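Listed here are the chains, written in short residue letters.
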Amino acid sequence: MPGYKFPTRKERIQLLEELKKMEAENGAELTGNDIYQNYKKAFAEMDKEMEKLSGTGERTKDNPMGLAPELTKEAKEKLLGLMVKAGKAGEAFLAMMQQEKKSLVHGIPGVVNKLQGIMSKDFDAISEYDPETKLTLPEIQEKARTRTIDLRGETLTKLGNMQSSRIPMTVRGSRGEKRKGVFTKANYNTVKSDFNKMLEEAAEKSSPEGKKEVKKILSSYKAFLINNNITKRNNEPITDKASDDYLIGHLRKYLYNHYRGDMSSAALEEFLEEKLELDVKKISKATMKKLTDGMNKLSENVGAEISNWNLELKEGDRVDHRNSCMSAVAGLLGASKLVARSDSMNYIDDNGNVVEGTFMDFGKGLDLDEHPELFKHVGDKPFKKMNQLLKQIADLQVIDFLCLNVDRHPGNLMYQVDKEGNVIGLQGIDNDSSFGTRDIKPDDILKLRVVSKSMADKLNTLTPEMLKFSLRGRGLTEDELNKSAERLTQIKEYIEAKMIKVVDDKSFNKINLADLKPPKNARNVFASVSKFISDGVKEARMSGLGFTPLEEEIDPKLKAISATERKGTVGGVEDTLRRLVVYDIKNKEGLVTKARGMSEKFRDLLGAVEQAKAFHTKLSKSEEYDKKAMLTEMDARPVLKASSTNFQSIMEKADAYLEYKMKEKGVKSLDELRGKNKYEQKHIDYAKKMLKFVEEYNSHLDGPKNDRERQETMANYEKRNIDMKKQAAEQIKKMGR
């Protein structure tokens with residue numbers, strides 16, 4: 001178990017000394033006003049109490065050694081009150097500096113900014129402290145700072161190959177408890193610079209005329225979106241004011257939706273010519289290949305994904321820590337268990353380098369999105385005990401709103417289920433698509449519909465200054481902090497105007513579900529979760545999966561729900577490849593594979609299968625992929641791309657062999673195809689099974705992640721089936737001749 005290196009109180013003391021020095025140098029220029037003096041007074045009161053509780057205050061008769069006492073409930077409440085007072089005063093001073101257009105990075109404002117960040121983390125830790133654990137203030141503060149874990153000599157498993165790669169690890173919390181989760185290396189929004197660099201490198205391989213066409217890609221894409229009345233995810237029209245970051249993110253999503261897997265140069269050429277109306281004849285083949293590689297790699301850019309949500313992040317804004325920011329807000333509102341806990345954390349690698357990042361606990365509950373078979377444990381009345389669930393949804397919606405979390409869907413939720421199969425609670429995970437500086441419209445606020453009485457009380461006492469203080473020092477920009485405070489003011493105004501209904505905490509199960517959902521053209525968490533669960537139950541019934549009482553002894557995955565971990569591999573890469581190997585061995589029992597008498601086309605099919613098996617063997621032994629990996633959709637994509645080539649080859653070879661046999665036998669369908677002997681029939685059956693296997697794989701690979709994508713996927717399937725039927729009819733017609 002790796003150990004922590006805990007920081008000391010020296011950082012705060014050094015900053016205070018630096019502040020005194022700057023006050024003497026600046027005179028009354030920044031400090032000679034009531035706002036700053038109020039801050040100094042409030043901070044001094046808080047600092048004196050902290051020093052006393054840290055064992056560095058006055059020595060008394062009862063404590064002659066000046067040791068730090070255990071933090072009692074009374075002492076905790078007193079200290080928190082002083083911290084709130086100092087935190088608000090500090091935010092008032094920083095707001096004044098902003099109005100006067102002073103830098104919050106340098107000078108006195110910069111030091112106050114840093115002190116606020118340190119105190120914010122202390123406040124978070126002290127608020128969570130349970131006096132029953134009988135810790136001292138220094139012990140509590142150990143978890144308030146960014147931790148640095150020494151991992152030199154440790155073997156780390158990297159999940160995925162991208163900017164947002166995750167490392168699974170177990171760490172110890174402040175009370176010595178084990179925390180299982182994943183570490184995400186610090187990553188930044190560099191989508192614009194990465195995209196422009198890619199265009200420049202591609203343009204170098206083309207003529208002056210070709211370079212001009214390449215430079216027009218983004219502006220032409222904007223014109224394409226505007227001319228075709230394509231809207232943003234929140235149904236806002238895309239205008240000429242759309243930022244480059246947003247356009248790149250939108251382009252990434254558009255290409256991914258239309259070209260699953262690697263896009264070819266021919267496909268990109270067609271897209272540029274037909275959609276963007278560029279003169280592709282002026283673009284060299286070398287440039288087109290470079291552009292194709294660059295466009296495909298957009299899927300690996302974290303900033304490109306978040307930019308598509310129009311959060312309006314700036315170049316260089318840090319992305320990974322937004323999880324910990326949401327944890328801080330949830331804790332501030334008394335709902336810390338509603339989001340997976342995340343903290344800033346660093347580790348020391350084998351070279352002695354400090355790697356910055358974020359540690360996130362595994363979500364608590366069942367991942368129904370990755371394991372649809374578990375819907376068989378959701379009975380006829382999935383909302384029977386729904387009061388707690390519905391209150392949690394209402395509270396989570398408020399947290400998402402304040403943090404501008406734009407990626408809340410059923411796949412980003414973990415569900416708690418009781419032994420009778422009722423969904424009784426949830427927890428939000430993957431909360432990094434949040435904050436930003438996007439403006440909020442009235443319709444966005446009205447989607448909330450209701451707020452619990454306890455949450456409304458929390459919001460009523462929470463001030464914009466306190467919200468900003470709780471987020472200070474966590475890597476958000478000043479504009480993002482201001483927008484968070486603005487959203488707090490907005491939601492409080494709507495509650496006061498009774499445009500958002502306040503519901504007693506114990507009365508949610510008395511409200512009709514329909515009254516909790518927004519109008520038909522909008523969606524909130526009530527709507528998406530109820531549809532997700534209802535659809536899952538219906539699909540389970542249609543599949544013949546009746547309700548089975550949840551038994552811990554029967555299904556270990558459902559044992560101790562609070563401890564279950566999210567381990568689904570999106571796309572089923574490892575499971576699918578392993579199934580192929582087992583499937584292949586099972587179906588080759590008794591299969592004659594001697595070269596003599598075997599058709600060349602069937603030999604080609606066996607070769608494709610062997611190649612896929614070799615790929616699986618190499619993948620399972622590689623350092624880039626671990627068969628126990630917990631991959632996100634984005635992390636899994638590079639592996640999915642590589643594996644798709646193998647399965648495509650199997651499908652093509654199986655198709656070619658069966659088509660050859662149908663023509664040879666003069667039959668018009670696969671059902672009619674029969675071998676002349678047992679030897680040939682085994683070959684035909686094997687080819688059919690391989691076709692079915694690849695079809696199942698493709699179906700799993702394209703599995704929907706939300707309602708909108710489910711509809712798109714079904715439409716694509718229907719179109720593909722129609723096309724396949726047409727092709728089959730044409731082939732049969734040709735063979736009939």
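The present account deals with the structure reproduced in this document. (Residues numbered from 1 in each chain as written. Predicted model: local features only at pLDDT ≥ 70, side-chain atom pairs only at ≥ 80, totals over all residues. Heavy atoms only, no water.)

## So, the packing of aromatic side chains
(1) Moving on: Following the criterion strictly, the structure yields 12 aromatic pairs and no others.
(2) Moving on: Centroid distance Tyr-221 to Tyr-254: 6.2 Å. Interplanar angle 70°. Geometry classified as edge-to-face. Taken together, the residues Tyr-221 in helix 9 (residues 217–227) and Tyr-254 in helix 10 (residues 244–258) connect sequence positions 33 residues apart.
(3) Moving on: Overall, Tyr-254 belongs to the buried group, its relative accessible area being 13%.
(4) Moving on: Taken together, a centroid distance of 5.6 Å and an interplanar angle of 25° make the contact between Tyr-415 and Phe-532 stacked. In this pair, Tyr-415 sits in strand 7 (residues 413–417) while Phe-532 sits in helix 21 (residues 525–542), placing the two residues 117 residues apart along the sequence. (Phe/Tyr/Trp six-rings, centres within 6.5 Å; stacked < 30°, edge-to-face > 60°. Helix = DSSP H or I, 4+ residues; strand = E, 2+ residues; numbered from the N terminus. Buried < 20%, exposed > 50% of the residue type's maximum accessible area, 1.4 Å probe, protein only.)

## Observations regarding the nonpolar core
(1) Moving on: The biggest cluster of nonpolar side chains holds 108 residues, and the ones touching the most others in it are Leu-402, Leu-459 and Ile-491.
(2) Moving on: Grouped together as the second largest cluster of nonpolar side chains are 33 residues, Ala-203, Leu-247, Leu-276 and Leu-291 included. (Core = buried A, V, L, I, M, F, W, Y, C linked by side-chain atoms within 4.5 Å.)

## Quick notes on the side chain of His-321
(1) Moving on: Inspection of the secondary structure puts His-321 in the loop between helix 13 (302–307) and helix 14 (322–332).
(2) Moving on: Side-chain polar atoms of His-321 contact the backbone oxygen of Arg-474, separated by 3.2 Å.
(3) Moving on: Those residues in contact with His-321 that lie beyond four places of it in its chain are Thr-358, Arg-474, Gly-475 and Leu-476. (Polar contact = N/O pair within 3.5 Å; in protein donor to acceptor, adjacent residues only side chain to side chain. Contact = heavy atoms within 4.5 Å.)

## Some thoughts on the pairing of strand 6 (residues 354–361)
(1) Moving on: The buried count for strand 6 comes to 6 of 8 residues, which makes it a mostly enclosed element.
(2) Moving on: Sheet topology places strand 4 (residues 178–185) next to strand 6; 5 bridges connect them, and they run antiparallel. Bridge pairing in strand 6 links Thr-184 to Thr-358.
(3) Moving on: The pairing of strand 5 (residues 342–348) with strand 6 spans 7 bridges and is antiparallel. What sits directly across from Ile-348, in strand 6, is Val-354. (Pairing = 2+ DSSP bridges.)

## Focus on unusual backbone geometry
(1) Moving on: Of note, Lys-101 is a non-glycine position whose phi angle comes to about 55°, a positive value.
(2) Moving on: Mapped onto the elements, Lys-101 comes out in the loop between helix 4 (73–99) and helix 5 (107–128).
(3) Moving on: Non-glycine residue Asn-229 carries a positive phi angle of around 55°.
(4) Moving on: Among the secondary structure elements, Asn-229 is positioned in the loop between helix 9 and helix 10.

## Quick notes on the pairing of strand 7
(1) Moving on: Among the 5 residues of strand 7, 5 are classified as buried, and the element is accordingly described as predominantly covered.
(2) Moving on: Side chains Leu-413, Tyr-415 and Val-417 of strand 7 all project onto a buried face; the interleaved residues Met-414 and Gln-416 project onto the opposite face, where all are buried too.
(3) Moving on: With 5 bridges joining them, strand 7 and strand 8 (residues 423–428) adopt antiparallel strand pairing. Bridged to Val-417 within strand 8 is Val-423.
(4) Moving on: Joining the antiparallel neighbours strand 7 and strand 8 is a turn of 5 residues, in which Gly-421 adopts a positive phi near 90°.

## Regarding the pattern of salt bridges
(1) Moving on: A complete count under the given rule lists 28 salt bridges for this structure.
(2) Moving on: Note that Asp-343 and Arg-341 form a salt bridge whose closest N and O atoms lie 3.5 Å from each other.
(3) Moving on: The partner of Lys-483 in a salt bridge is Asp-439, and the shortest N-O contact between them spans 2.3 Å. Of this pair, Lys-483 sits in helix 19 (residues 478–496) while Asp-439 sits in the loop between strand 8 and helix 16 (442–446), and the two are 44 residues apart along the sequence.
(4) Moving on: On the basis of relative accessible area, Asp-439 is assigned to the partly exposed category, the value being 48%.
(5) Moving on: Members of the salt-bridge network, linked through shared partners, are Lys-661, Glu-664, Lys-665 and Glu-680. (Salt bridge = Lys/Arg side-chain N within 4 Å of Asp/Glu carboxyl O.)

## A short note on the environment of Glu-273
(1) Moving on: Looking at where Glu-273 falls in the secondary structure, it is placed in helix 11 (residues 265–274).
(2) Moving on: Residue Glu-273 is classed as partly exposed on the basis of its relative accessible area, which comes to 41%.
(3) Moving on: Not counting residues up to four positions away in its chain, the partners in contact with Glu-273 are Leu-278 and Val-280.

## Re the packing of helix 9 against helix 10
(1) Moving on: Put simply, helix 9 and helix 10 touch, their axes get as near as 10 Å, and they point 75° apart. Relative to helix 10, helix 9 is oriented roughly perpendicular. Facing Leu-218, Tyr-221, Lys-222, Phe-224 and Leu-225 of helix 9, the residues of helix 10 in contact are Asp-244, Leu-247, Ile-248, His-250, Leu-251 and Tyr-254.
(2) Moving on: Partitioned by chemical class, the residues of the contact of helix 9 with helix 10 number 8 nonpolar, 1 polar and 2 charged. (Axes fitted to C-alpha atoms, helices over the stretch in contact; angles between N-to-C directions. Parallel < 35°, antiparallel > 145°, perpendicular 65-115°, else oblique. Nonpolar A, V, L, I, M, F, W, Y, C, P; charged D, E, K, R; others polar.)

## Concerning the packing of helix 3 (residues 34–53) against helix 4
(1) Moving on: As a packed pair, helix 3 and helix 4 sit with axes 8 Å apart at the nearest point and diverge in direction by 150°. Here helix 3 is positioned roughly antiparallel relative to helix 4, judged by the angle of their axes. Every pair of crossing elements has a handedness; the one defined by helix 3 and helix 4 is left-handed. Two secondary-structure elements touch here, helix 3 through Ile-35, Tyr-36, Asn-38, Tyr-39, Ala-42, Phe-43, Glu-45, Met-46, Glu-49, Met-50 and Leu-53 and helix 4 through Ala-75, Lys-78, Leu-79, Leu-82, Met-83, Lys-85, Ala-86, Ala-89, Gly-90, Ala-92, Phe-93 and Met-96.
(2) Moving on: Considered class by class, the residues forming the contact of helix 3 with helix 4 number 17 nonpolar, 2 polar and 4 charged. (Left-handed = near helix turned anticlockwise from the far one by under 90°.)

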